[in-house]
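Working through the structure, step by step
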Amino acid sequence: MSIDKSSLQRMQLADALRNYPAPSSAAPPRGGWIHAIRQALGMTQAQLGARIGISRQSVQDLEKAEAERRITLDSLDRAARAMGCRVVYSLVPESGSLDDIRQRQANKLAAALLKPGAHSMKLEAQGVSSVENERQRNLLIDALLRGSSRKLWE
């Protein structure tokens, strides 16, 4: 059995992503991570600002920017390092795995590709049974998943 490059990449990413919590449990605290961690450490905005090399007002602006999801990764990283932390950045599938995302996309694409043909066949009284329709859909899904990954997203 040969494993193509994208399959190998998905397997490696799946291994790496196993260490991350589910997206639903990884929501940032109200007010953002900078604010929550700074307060948990007992650090004032002025003290954090001195460690980063910015003003207290700039720390307040950073906290607000993070809470509004408009902070840059660089700013978040600088604040984290100043508090003895580090930023861990990842894109985690909302549900399931990367292979599950591909499977759902192949299902959706197969349904869209088969729909016009099935409609025409019914109009011409040549419709196929639901069992045969399911078999054809599964064959198409398998072909889509084995073929070019790029075609899944066109």
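Residues numbered from 1 in each chain as written. Predicted model: local features only at pLDDT ≥ 70, side-chain atom pairs only at ≥ 80, totals over all residues. Heavy atoms only, no water.

Describing the pattern of salt bridges
- Considering all chains together, one arrives at eight salt bridges under this definition.
- A salt bridge links Arg38 to Glu63; its shortest N-O distance comes to 2.5 Å. In this pair, Arg38 sits in helix H2 (residues 33–41) while Glu63 sits in helix H4 (residues 56–67), placing the two residues 25 residues apart along the sequence.
- By relative accessible area, which is 6% here, Arg38 ends up buried. (Salt bridge = Lys/Arg side-chain N within 4 Å of Asp/Glu carboxyl O. Helix = DSSP H or I, 4+ residues; strand = E, 2+ residues; numbered from the N terminus. Buried < 20%, exposed > 50% of the residue type's maximum accessible area, 1.4 Å probe, protein only.)

Comments concerning helix H3 (residues 45–52)
- Looking only at H3, the buried set comprises Gln45, Leu48, Gly49 and Ile52. The buried residues of H3 occupy one face: seen down the axis, they fall within an arc of 100 degrees. Exposed side chains of H3 directed beyond 90 degrees from the buried face belong to Ala50 and Arg51.
- For H3, the elements touching its buried residues are H2, H4 and helix H5 (73–82).
- Just past H3, the residue Gly53 takes up positive phi, approximately 95 degrees. (Arc of directions from axis to C-beta. Contact = heavy atoms within 4.5 Å.)

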